[in-house]
Each structure stands twice: as C-alpha cells, then as structure tokens.
Amino acid sequence: SATTMSRMLTQFTFGLYASPGYLTQNPIKTEDNSYLDHRYIGMSLLNLHDRQWVHEKTQERKQFQFSAPKWQINNYSSLRQFVLADAGLAVLENYIAGPLVDNEQLIRIAPEWKVNAGKAALVWPSSRYLKPSVRAFIDHMTKDASANT
C-alpha cells in the first residue's frame, strides 16, 4: 500500500527429520518412499504433512501422504524433543533443525524435498523522515536475514 513499506527477510522452509536412534531401530529406504509409512509426529498448529513438497533442484511439486500422526504436538520445542527422543519422523523448520543435523543429533530424510511454509517481512509506515533508529533496525534485520539464508 502507499502508506507502508516492506522488505522480505526470509522464507520458512521445512524438511522431514528423524534421530539417528530412531533410524537405527527403523531403517528407511528413501528411494521407495517407505518413510511415508513410518511413525509420524504431527504439529497441530501447522498442518505441514499434507502440503505440496518442492524438489530443491528441479522445482517439481509433489504431495506426500504420511501415515496418520501417532501424536499431535502443539508446541514446536516439544515436537523437536520428541524427534530427538527417537519417537518418530517429524516435519521441522530447516533453520532450526540445521544445527542439530550438523551435530549429528538429527538426520534429514529426503533432503532434496522441502515445504515452503511462509515468509517473514518487515513492514513499516512510509515516511520521508524515517527515524535513524528505525532505519538502523531495518538495515540490521536485512543484513542478519541475508546472512542466515
């Protein structure tokens, strides 16, 4: 609108994750999509398991049908803890799960597929006389977001 300005910061993408312990007990063959029949932990606030998945290289879109969730969790931190405790597979935000993958606490299943779940943007009133503190905040957030994408 003419009264506001905005700048996109990032897009939230999600992937499918499991712990090494779960995968030791329940091996997965990703080439035949057998992971869709595994114990699935759902996030009740974000119904991501039935969304379109996008192949990161080809941009192909696909609908994966997971089994019904064994548990429905309504807290993202608890969902992550369930996965870390070898409870099953879950769709987690890639930015949050990334460090756990780096530390070998989680493994991303079918890493070439992702779910685009939303975007984060800064929105501020349009003004010729933007306060320096607001401009500094916008610049800081834009720089920080570009470093973390």
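Peer 1: Quick one: what's the story with the overall build of the protein chain, residue by residue and with numbers?
Peer 2: Summing up its helical and strand segments, the protein chain has four helices and eight strands in all. Going from the N terminus to the C terminus, the protein chain shows its helices and strands as β-α-β-β-β-β-α-β-α-β-β-α. Going through the 149 residues of the protein chain one by one, you find that 33% of them count as buried. Roughly 9,100 Å² of accessible area belongs to the protein chain as shown, and the carbon and sulfur atoms make up 51% of that amount.

Peer 1: Can you tell me about the confidence of the model for the protein chain, naming the residues and giving the values?
Peer 2: For the protein chain, per-residue confidence averages 85 on the pLDDT scale, and 89% of positions sit at 70 or higher. Mean pLDDT values over the elements of the protein chain span from 81, in helix α4 (residues 132–147), up to 95, in helix α1 (residues 20–25).

Peer 1: So, the pattern of salt bridges: which residues are in play, and what are the values?
Peer 2: According to the stated counting rule, one finds two salt bridges in the structure shown. A salt bridge links E56 to R108, with the shortest nitrogen-to-oxygen separation between them at 3.6 Å. With E56 in the loop between β3 (52–55) and β4 (61–63) and R108 in strand β7 (residues 107–109), the pair connects residues that are 52 residues apart, well separated along the chain. Across the salt bridge formed by R135 and D139, the nearest N and O atoms sit 3.3 Å from each other. Residue R135 and its partner D139 are both found in helix α4; the two are separated by four residues, about one turn of the helix. Overall, R135 belongs to the partly exposed group, its relative accessible area being 32%.

What counts as what
- Residues numbered from 1 in each chain as written.
- Predicted model: local features only at pLDDT ≥ 70, side-chain atom pairs only at ≥ 80, totals over all residues.
- Heavy atoms only, no water.
- Helix = DSSP H or I, 4+ residues; strand = E, 2+ residues; numbered from the N terminus.
- Buried < 20%, exposed > 50% of the residue type's maximum accessible area, 1.4 Å probe, protein only.
- Areas by Shrake-Rupley, 256 points an atom, 1.4 Å probe, with all protein chains shown as cover.
- pLDDT = per-residue confidence, 0-100.
- Salt bridge = Lys/Arg side-chain N within 4 Å of Asp/Glu carboxyl O.

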